[in-house]
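Chain by chain, the residues:
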Amino acid sequence: MSQPLVEYHSENHIATITMNDPKTLNAFSTPLKGAVMDALDEADQDADVRVIVLQGSNNNFSSGGHIGEMLENGMESEALVAKLDFMLREVAEVSLKLRNIHKPIIAKLEGAVAGAGMNLALTCDFRIAADNAKFVQAFVNIGLIPDAGGIYLLNQLIGAAKTTELVMLGEKLTSEDVARLNLVNSVVSKDELDASVLALATRLSNLPGKALASMKHMINVHAFSGLNEALDMEVDQQTMMAKTADFAEGITAFMEKRQPVYQGK
């Protein structure tokens, strides 16, 4: 039997959601997105769950969007634009869900944390990174803009200047790089990652849940109230970019190199 795309485990008031598509480094396909949403719904509705941990299997968080799915109908413009539009709306639902669940969510980050994977991590409340994690906003390399709320979230967290640098240059960043930008709460060794995430989750699970929920609601109002609008704008801009020669050249070059760790979406 094949393994489930998402594994769900709940113990001691902590729900752990594990993206489990190691052959793509947990790239965000439509089936994976659906399974993540189901797991988030389960954790949200379970009164016994007080904290959620989101992680990836096989020592990688997520390589970003699933380029193979995006191109499954070919490079013909109308089919590609329709597929990209659908996938963007799917990943946007996950971003909104992560903010709208009024329970603390911890992103456990290691290995590839790329593209949409990085942006979904930014949507979580806490981020603990292993020292082997590699972060990248590589959308520019294939002629697209960040999705999953990327520009909006980065701008809220680190301001316009650094956001511009990250998204326009698309350079790979180490855990120490993102720690200096205050994009993660802490960096630990790979061997300490599990224990560090569990310690934070346990601490949060022992705090007053209603107070934490109210805090998250107020943070959403004051810091993330424009997320929905930003996600809608991303869909408009991305589908426009998908019709350009820059995208056609970028995605062709990507497919020739076939570097799955940094899929750029």
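Residues numbered from 1 in each chain as written. Predicted model: local features only at pLDDT ≥ 70, side-chain atom pairs only at ≥ 80, totals over all residues. Heavy atoms only, no water.

### What to know about the overall build of the protein
Here comes step 1: Looking only at helices and strands, one finds 11 helices and nine strands in the protein.
Here comes step 2: In terms of overall dimensions, the protein is globule-like: its C-alpha atoms have a radius of gyration of 17 Å, near the 18 Å expected for 265 residues.
Here comes step 3: For the protein, the C-alpha atoms occupy an extent of roughly 55 × 45 × 35 Å along the three principal directions.
Here comes step 4: When contacts within the protein are restricted to residue pairs at least 6 apart in sequence, long-range pairs at least 24 apart make up 76% of them.
Here comes step 5: Working note: accessible area of the protein is about 12,000 Å², and carbon and sulfur atoms make up 53% of it.
Here comes step 6: Put simply, the protein has 22 plus and 34 minus side-chain charges, and the middle of one group is 4 Å from the middle of the other. (Helix = DSSP H or I, 4+ residues; strand = E, 2+ residues; numbered from the N terminus. Rg over C-alpha atoms; globule rule 2.2 N^0.38 Å. Contact = heavy atoms within 4.5 Å. Areas by Shrake-Rupley, 256 points an atom, 1.4 Å probe, with all protein chains shown as cover. Lys, Arg positive; Asp, Glu negative; His and termini not counted. Charge placed at Lys NZ, Arg CZ, Asp CG, Glu CD.)

### What to know about the environment of alanine 35
Here comes step 1: Turning to its location among the elements, alanine 35 is positioned in helix α1 (residues 30-45).
Here comes step 2: Linking alanine 35 and serine 57, residues 22 residues apart in sequence, is a C-alpha distance of 14 Å.

### Looking at the sheet that holds strand β7 (residues 134-136)
Here comes step 1: Strands sit in the order β5-β7-β8 across an open sheet of three strands; the sheet is mixed. Each of the sheet's edge strands pairs with one partner strand only, and the pair in question is β5 (112-114) and β8 (173-174).
Here comes step 2: Judged from the three bridges that link them, β5 and β7 form a sheet pairing that is parallel. Considered in β7, the bridge of alanine 112 is made with lysine 134.
Here comes step 3: Seen against the sheet, helix α4 (residues 116-123) touches β5 and β7 and runs at an angle of roughly 85 degrees to β5. (Pairing = 2+ DSSP bridges. Axes fitted to C-alpha atoms, helices over the stretch in contact; angles between N-to-C directions.)

By themselves, these are just geometric observations and shouldn't be taken as functional.
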